[in-house]
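Notes for the structure review
Letter by letter, the chains look like this.
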Amino acid sequence: MDAHELITRNAAEVVTEEEIETLADDPDGKRAYVGYEPSGVLHIGHMLTANKLIDLQKAGFEVTVLLADVHAYLNDKGSFADIRHTAERMRDQFIAYGLDESNTQFVLGSDFQLDDDYTLDLHALELETTLARAERAMAEITSGDSVKVSQAVYPLMQALDIPYLGVDLAVGGMEQRKVHMLARDVLPSIDREPPTSLHTPLIADLGTGRGKMSSSEGVTISMEDSREEIEEKVNGAYCPPTADPDPTEEGTDRENPVLQVFEYHVFPRFEDVVVERPEEYGGDLEYAAYDDLEADLESGELHPADAKGALAEYLDRLIAPGREQLAE
C-alpha cells in the first residue's frame with residue numbers, strides 16, 4: 001500500500017480529501033493524534049482508532065496519544081490522582097496492542113492545558129462560540145437532561161488541543177466529527193489553522209447489530225476479557241449471513257457486527273485469515289482480503305458459526321498481549 005492507501009484504509013470520512021492528499025505526498029515526520037479519556041481498560045472502540053494509528057505509523061507519521069486527564073475530570077470521572085493512575089495503565093496497554101513505542105508520544109492533558117497561554121486561548125474561543133454551537137459538539141459526553149458548564153467547555157478544549165499538540169491530523173471515531181467541525185469553525189478566530197481530520201467507522205452493538213457498540217451498555221469486548229469470555233461474546237453475536245441485514249420491525253437500521261470486526265480489526269492486522277473447519281464440512285478456508293470472506297458468507301460457503309469461531313481466535317490473538325500486561 002502507498003501512503004494514501006494506508007492513511008485512508010477503513011476511514012469512514014476524511015476532511016478534506018485535498019488536505020489528506022497533501023499529507024500523503026510527504027507523510028514522513030507528520031504528526032497525527034487521537035485523544036482518550038483515561039478509562040482503565042482498552043475496549044474495542046479504542047482498538048479501532050489504535051489500528052488507524054498503526055496504519056499511520058506505517059505511512060510515516062509520528063503519533064501522539066493524548067491521555068485526557070483534565071477532560072476526564074471535567075466529565076466527573078474521579079480525582080486527578082485516580083485518573084492519572086488509570087492513564088498510566090492505558091499507556092502500557094496501547095504499546096502491548098501494537099503501537100510502535102519509539103514513534104508514539106503519550107501526553108497528559110494536564111501537561112499543557114493548565115498553562116496560562118492555553119487558558120487565555122480557551123477564553124478567547126469561549127468569546128467566539130455560542131452555547132448552542134458548543135451544545136451541538138458535546139452530545140457524546142452529556143447524559144440526562146441537565147447540561148453542566150464543564151460539558152460546554154469540553155469540546156472547545158478538544159478543538160484547542162489540536163494546535164497546542166502541534167499535529168497535522170486529528171483522528172477519532174465518527175462521534176468526534178462534530179468536535180472536529182467545531183475546531184475548523186473556531187480555530188481561525190485565534191489565528192490557528194483549521195485541522196485536517198480522519199474519522200473511523202462506528203461498530204454496531206455486538207449482540208443486536210443496532211446502534212453503536214458501547215463499553216457502558218450492550219455487549220463489548222475489552223482487554224480484560226479471557227479467551228473463554230471472548231468466545232462466549234462472539235458466539236452470541238448477531239451475525240446474519242449478509243453484510244446488509246434488514247432493519248428491525250420498528251425500522252431501526254442494523255449492521256453485521258461480526259463482519260465489521262473482521263473488516264476493521266482483524267484484516268488490518270493479519271495478512272491471511274484462516275477459518276478452520278472439519279474436512280467433512282469442506283476443510284479450512286483461507287482469506288487474504290476481507291471482501292472474499294464477506295462474499296463467502298453471502299453465498300453460503302462460509303457459515304456464520306464458522307465465521308464466529310475464527311473471529312474469536314483472531315480477537316484473542318490481538319487482545320492477549322494487553323491482557324497479559326494487565327495481569328502483570
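Treat the numbers as computed from the prediction; the structure is a model and nothing was measured.

Some words on the overall build of the protein chain
- Along its length, the protein chain carries 13 helices and eight strands.
- For the protein chain, the spread of C-alpha atoms along the principal axes amounts to about 70 × 45 × 45 Å.
- For the protein chain, the residues scored as buried account for 52% of the 328 residues in total.
- Considering only contacts in the protein chain between residues 6 or more positions apart, those separated by 24 or more positions represent 72%.
- Total accessible area on the protein chain stands at roughly 15,300 Å², and carbon and sulfur atoms take up 44% of it.

Points about helix α6 (residues 116–128)
- The end-to-end C-alpha distance of α6 is 19 Å, a good match for the 18 Å that 13 residues give at a rise of 1.5 Å each.
- Among the residues of α6, Tyr118, Asp121, Leu122 and Leu125 are the ones counted as buried. Seen along its axis, α6 keeps its buried residues to an arc of 105°; they face one direction. Along α6, the residues that are exposed and aim more than 90 degrees away from the buried face are Asp116, Leu120 and Leu127.
- Here the buried face of α6 lies against α8 (149–165) and α9 (177–186).

Some details on the nonpolar core
- Residues Val65, Phe94, Leu169 and Phe262 are the most contacted members of the largest nonpolar core, which totals 66 residues.
- Two domains share this core, each providing at least three of its residues, namely domain 1 (3–200) and domain 2 (227–327).
- Setting aside chain neighbours within four positions, we find Leu169 in contact with Ile20, Leu23, Arg31, Ala32, Tyr33, Leu56, Phe61, Thr196, Ser197 and Leu198.
- Grouped together as the second largest cluster of nonpolar side chains are 25 residues, Tyr33, Val70, Val179 and Val186 included.

Comments concerning a negative patch on the surface
- Judged by side-chain charge, Glu271, Asp272, Glu276, Glu279, Asp284 and Glu286 come together as a negatively charged surface patch.
- Examined against the element boundaries, Glu286 turns out to sit in strand β8 (residues 285–287).
- Owing to a relative accessible area of 56%, Glu286 belongs among the exposed residues under this scheme.

A word on the pairing of strand β6 (residues 196–200)
- The element β6 is extensively covered by neighbouring structure, given that five of its five residues are classed as buried.
- Residues Thr196, Leu198 and Thr200 of β6 are buried on one face, and the alternating residues Ser197 and His199, pointing to the opposite face, are buried as well.
- Handedness of the crossover joining strand β5 (residues 169–173) and β6 through α9 is recorded here as right-handed.

What to know about the UniProt feature "binding site: L-tyrosine" (unreviewed entry) in the protein chain
- The UniProt entry lists Tyr33, Tyr154, Gln158, Asp161 and Gln176 under the feature "binding site: L-tyrosine" (unreviewed entry), expressed in the numbering used here.
- Position of Tyr154 relative to the elements: it lies in helix α8.
- By relative accessible area, which is 7% here, Tyr154 ends up buried.
- In this structure, Gln176 sits in the loop between β5 and α9.

Side note on the sheet that holds strand β2 (residues 31–36)
- With mixed pairing, six strands are arranged side by side in an open sheet as β1-β6-β5-β2-β3-β4. Every other strand in the sheet has two partners, leaving β1 (13–15) and β4 (104–108) as the edge strands with one partner each. Strand after strand, the sheet turns through a mean of 20° between neighbouring axes, direction not considered.
- The sheet contact formed by strand β3 (residues 62–67) and β4 spans five bridges and is parallel. Counted as the bridge partner of Thr64 is Gln105 from β4.

As for the domain arrangement of the protein chain
- For the protein chain, the assigned domains read domain 1 (3–200) and domain 2 (227–327).
- When each unit is reduced to the centre of its C-alpha atoms, the spacing between domain 1 and domain 2 is 30 Å.
- Each partner contributes to the interface: domain 1 provides 15 residues, whereas domain 2 provides 12 residues.
- Together, the buried faces of domain 1 and domain 2 total about 1,300 Å²; carbon and sulfur atoms form 59% of this surface.
- At the junction of domain 1 with domain 2, the criterion picks out zero salt bridges.
- At the junction of domain 1 and domain 2, the tally comes to seven residue pairs in polar contact (both at pLDDT 80 or more).

As for the packing of helix α5 (residues 80–97) against helix α13 (residues 304–327)
- Interaxial distance between α5 and α13 falls to 8 Å at its minimum, and their mutual angle equals 145°. The element α5 and its partner α13 pack so that their crossing is right-handed. Facing α5, whose interface residues are Arg89, Asp92, Gln93, Ala96 and Tyr97, α13 presents Leu318, Pro321, Gly322, Gln325 and Leu326.

Quick look at unusual backbone geometry
- Of note, the amide linkage connecting Val15 to Thr16 takes the cis form, showing an omega dihedral of 0°.
- Positionally, Thr16 belongs in the loop between β1 and α2 (17–25).
- One non-glycine residue with positive phi stands out, namely Asp76, at about 60°.
- Position of Asp76 relative to the elements: it lies in the loop between α4 (69–74) and α5.
- Residue classification places Asp76 among the exposed positions, given a relative accessible area of 59%.
- In this model, Asp191 sits at a positive phi of 60°, which is unusual for a non-glycine residue.
- In this fold, Asp191 is placed in the loop between α9 and β6.

Thresholds, definitions, all that
Residues numbered from 1 in each chain as written. Predicted model: local features only at pLDDT ≥ 70, side-chain atom pairs only at ≥ 80, totals over all residues. Heavy atoms only, no water. Helix = DSSP H or I, 4+ residues; strand = E, 2+ residues; numbered from the N terminus. Buried < 20%, exposed > 50% of the residue type's maximum accessible area, 1.4 Å probe, protein only. Contact = heavy atoms within 4.5 Å. Areas by Shrake-Rupley, 256 points an atom, 1.4 Å probe, with all protein chains shown as cover. Expected span 1.5 Å × (residues − 1). Arc of directions from axis to C-beta. Core = buried A, V, L, I, M, F, W, Y, C linked by side-chain atoms within 4.5 Å. Domains from an automatic or database assignment. Patch = residues over 30% accessible without salt bridge, like charges linked within 9 Å, V, L, I, M, F, W, Y side chains within 5 Å. Salt bridge = Lys/Arg side-chain N within 4 Å of Asp/Glu carboxyl O. Lys, Arg positive; Asp, Glu negative; His and termini not counted. Charge placed at Lys NZ, Arg CZ, Asp CG, Glu CD. Right-handed = clockwise from strand over helix to strand, strands pointing away. UniProt positions renumbered as here; feature names shortened; annotations may be inferred. Pairing = 2+ DSSP bridges. Axes fitted to C-alpha atoms, helices over the stretch in contact; angles between N-to-C directions. Buried area = accessible area lost by both parts, 1.4 Å probe. Polar contact = N/O pair within 3.5 Å; in protein donor to acceptor, adjacent residues only side chain to side chain. Left-handed = near helix turned anticlockwise from the far one by under 90°.

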